[in-house]
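Topology and contacts: notes
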Amino acid sequence: MSDDGFTDFVVEVEGPLLRTAYLLTGDHGHAEDLVQTALVKAHRHWAKVQRADSPLAYVRRILVTSHVSWRRRMSTSEQVIETVPDRPGDDLQDRLATTDLVRAALRELSPKARAVVVLRWFEDLTEAETARVLGCSPSTVSTHAARGLAALRRHLDATSAADPDTSIYARRTS
Amino acid sequence: MSTDVRTLLHDLAADAPRGRGEETADLVVDLHRAQDRRRLRWAGVAAAIAVVVAVVPVLVDRSGPTDASAVAAGGTTGVESLFDAPTRGSLADDADAVAVALGASWQTGITDAAAGQILDPAPENRHVAFVGEVRGGQVWALVLGRTSGQLAYSWFVDPDPADGLALQPAGVPSRTTAAAPIGLLDVAGGSGYLVVVARPGDQVRYSPAVTGLFTADTTGFEDLPSADGVVQTGVQLPPAGVQAAPGISATSGAGEVPARWVDSFDSSRPFGPSAWTSVESSELPSDPSYGPLIQRCMVDAGWGVSVSVNGSLSFDGLLTGEGVDAFWADLDRCETSTGYR
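Nothing here was measured: the structure is a model prediction, and the numbers come from that model. (Residues numbered from 1 in each chain as written. Chains lettered and ligands numbered in written order. Predicted model: local features only at pLDDT ≥ 70, side-chain atom pairs only at ≥ 80, totals over all residues. Heavy atoms only, no water.)

**Looking at the overall build of chain B**
The secondary structure content of chain B amounts to seven helices and 16 strands. Expressed as a percentage of its 341 residues, the buried residues of chain B come to 56%. Partitioning the intrachain contacts of chain B with sequence separation of at least 6 by distance along the chain shows that 68% fall at a separation of at least 24. A total of about 13200 Å² of accessible surface is found on chain B, and carbon and sulfur atoms cover 52% of it. (Helix = DSSP H or I, 4+ residues; strand = E, 2+ residues; numbered from the N terminus. Buried < 20%, exposed > 50% of the residue type's maximum accessible area, 1.4 Å probe, protein only. Contact = heavy atoms within 4.5 Å. Areas by Shrake-Rupley, 256 points an atom, 1.4 Å probe, with all protein chains shown as cover.)

What follows is the structure in structure tokens.
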């Protein structure tokens, strides 16, 4: 198979895909693996990907369904969770604490609910678009979205109550 | 709340790993060319375990207490990466054994296994994390390596080292990360025997039946007796009929490294170029007729494929490398004949 623009495509979309994958997995290594898996599948059907209205959307769909599916979660010898990466500078500590809370809250969600939250409020997809990506009905998306938001709220509120100093709301308004 | 979530998600996404661009593209192309399949060792192993457990309803530790004495003393706590941890195991001080482990081939012999071909660090970039005697007089070794910007590992086994140590790969080399514990499980005879190598000072935890990796639920995980971050012990295997697989995690002063699967093999079976393998097509359910059409064609070709929840076709079973190639050849033919290719 010739490259046929695949390298340029990867250079263009790897960053956005990694960000989505990172939100879905909460882990650098696994995010890279997930993107790698999606890109291998895309390469296998590269001609079809190129014909898609949005090749990025096509590959993102592969990525999300790969994550949600049981098979992806069973595959992994490569699935490893890391701790929060070290970052230099005390001025970043607040942001790190906040993002760690969000990461922990996302982990409380089921893979599908997490995918819905990420697609709806990170990718800014509509309910219908999210439903198409996940292969489910818009009403299912709506249900997952409501439950996901409620679960996030519960988790963040509980964390704030347990440790007011780490309140996510306090940090964002300070 | 929705606005907050949007902002918070973007904040978190800013911590995502940076892409490697052309290097990633090259890696992906290599992976595809090397092996257009995906090995799901544990999916198959779980099935094998289910059969075993059907015969042995209650699996207990038959290997006796943890052989902590076999774990070499030494090592220090606070090591950031397993790669930098000292070699452990009863043969850690045996220079010849360490040299054999360092020089063992990472090629699995399972066709051109993607991971095996890609994850083959140069000997100078390898480190023996563990080499020692385990149950039944076998010698196991865990070797880590750095290659293509990735940290990888490979388990090696010599089931009968009496005639000189000759280590063979116990699985396909895989990626890992610095803090992750790495385990190998022998399921021979339906009696699980587990070795886990973690960073010195880490407490290893184990669950025989993990169904997901990305939840905070660690129900069922229990501490394993360990010495210097190394576990050598008999363990329970998953109960019959449960689609789950054994998982390990580790805790340290920095927190918990959540679960990952352990690798496995069956030391009672001949080593060779075959393994439980799962292959799946990459098609997605954009066209609902794809699955049934291709499934019919593949069944006619002799493949008992199923349609996964995400719409892709899959086959789980004992496949040689040639079998995997045959699967993809038939899938290509079916996709062509039905107009999908």
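Let us keep going from here.
**Some points on the overall build of chain A**
Helices and strands together make up the secondary structure of chain A, namely ten helices and zero strands. Secondary structure elements of chain A occur, N-terminal to C-terminal, as α-α-α-α-α-α-α-α-α-α. Burial statistics for chain A: of 174 residues in total, 58% are counted as buried. For chain A, the share of sequence-separated contacts (at least 6 apart) that also reach a separation of at least 24 residues comes to 63%.

**As for the pairing of strand β6 (residues 182-186) of chain B**
Two faces belong to every sheet, and in a regular strand the side chains alternate between them. Residue and element names in this part refer to chain B. In terms of burial, β6 is a largely internal element, five of the five residues being buried. Residues I182, L184 and D186 line one face of β6 and the alternating positions G183 and L185 line the opposite face, and both faces are buried. In the sheet, β6 pairs with strand β7 (residues 192-197) via five bridges, with the strands oriented antiparallel. Residue pairing for β7: G183 is matched across the bridge by V196. Counting the residues that bridge the hairpin from β6 to β7 gives five residues, and of these G189 lies at a positive phi of roughly 70°. (Pairing = 2+ DSSP bridges.)

**Quick look at helix α6 (residues 290-300) of chain B**
All names here are of chain B. What α6 keeps buried is the set Y290, G291, I294, C297 and M298. Down the axis of α6, the buried side of the element spans an arc of 140°, and every buried residue falls inside it. Structural note: α6 exposes R296 and D300 on the side pointing more than 90 degrees away from its buried face. The first or second residue beyond α6 is G302, which carries a positive phi of 100°. (Arc of directions from axis to C-beta.)

**Section: the packing of helix α1 (residues 6-25) of chain A against helix α2 (residues 28-44) of chain A**
Residue and element names in this part refer to chain A. Running from N to C, α1 and α2 point in directions that differ by 135°, and their axes come no closer than 8 Å. As far as their axial angle goes, α2 and α1 are oblique. Where α1 crosses over α2, the handedness of that crossing is right-handed. Residues F6, F9, V10, L17, L18, A21, Y22, L24 and T25 of α1 lie in contact with α2, whose contacting residues are H28, H30, A31, E32, L34, V35, L39 and H43. Looking at the contact of α1 with α2, its residues break down into twelve nonpolar, four polar and one charged. (Axes fitted to C-alpha atoms, helices over the stretch in contact; angles between N-to-C directions. Parallel < 35°, antiparallel > 145°, perpendicular 65-115°, else oblique. Left-handed = near helix turned anticlockwise from the far one by under 90°. Nonpolar A, V, L, I, M, F, W, Y, C, P; charged D, E, K, R; others polar.)

**Some words on empty space enclosed by the protein**
Any empty space left between atoms is shown by rolling a water-sized probe over those atoms. Enumeration according to the criterion identifies nine cavities of 30 Å³ or more in this entry. The space that makes up the second largest cavity amounts to roughly 90 Å³. Residue lining of the second largest cavity: E14(A), L18(A), E32(A), V35(A), Q36(A), R18(B), G19(B), R20(B), T24(B), L27(B) and R175(B), and that is the complete set. Among the elements that take part in the lining of the second largest cavity, α2(A) stands out by supplying three residues, more than any other. (1 Å grid on protein atoms, 1.4 Å probe; cavity = no way out; pocket = protein on both sides within 12 Å on 5 of 7 lines; lining within 4 Å. Points joined across faces, edges and corners; volume = space filled by probe spheres on them.)

**Topic: the packing of α1(A) against helix α7 (residues 111-121) of chain A**
Residues and elements named next belong to chain A. One way to put it is that α1 packs onto α7 with a least axis distance of 9 Å and a crossing angle of 145°. In this structure, the crossing between α1 and α7 has a hand that is right-handed. On the side of α1, the interface is formed by T20, L23 and L24, while α7 contributes R114, A115 and V118. Taken together, the residues of the contact of α1 with α7 sort by class into four nonpolar, one polar and one charged.

**With respect to the state of the cysteines**
All names here are of chain B. The final tally for this structure, using the stated rule, is one disulfide over all chains. The side chain of C297 participates in a disulfide bridge whose partner is C334; the two sulfur atoms lie 2.0 Å from each other. On the sign convention where negative means left-handed, the S-S torsion of about -80° between C297 and C334 marks this disulfide as left-handed. Separated by 37 residues along the polypeptide, C297 in helix α6 and C334 in helix α7 (residues 321-337) bring together distant segments of the chain. When its relative accessible area of 14% is taken as the criterion, C297 is described as buried. Take C334: its relative accessible area is 0%, and that puts it in the buried class. (Disulfide = S-S within 2.5 Å.)

**Points about the nonpolar core**
In this structure, L39(A), L63(A), V64(A) and L106(A) are the most contacted members of the largest nonpolar core, which totals 58 residues. Looking at this core element by element, the count peaks at ten residues for α1(A). Residues within four places of V64(A) in sequence aside, it is in contact with L24(A), A115(A), L119(A), V133(A) and L134(A). Ranked by size, the runner-up nonpolar core spans 22 residues in total, among them L82(B), W140(B), L142(B) and L144(B). (Core = buried A, V, L, I, M, F, W, Y, C linked by side-chain atoms within 4.5 Å.)

**Notes on a negative patch on the surface**
The grouping of D8(A), E12(A), E22(B), D26(B) and D30(B) at the surface amounts to a negative patch. Elements supplying a minimum of two residues to the negative patch: α1 of chain A together with α2 (22-34) of chain B. When residues of the negative patch are assigned to their parent elements, the largest contribution, three residues, is made by α2(B). (Patch = residues over 30% accessible without salt bridge, like charges linked within 9 Å, V, L, I, M, F, W, Y side chains within 5 Å. Salt bridge = Lys/Arg side-chain N within 4 Å of Asp/Glu carboxyl O. Lys, Arg positive; Asp, Glu negative; His and termini not counted. Charge placed at Lys NZ, Arg CZ, Asp CG, Glu CD.)

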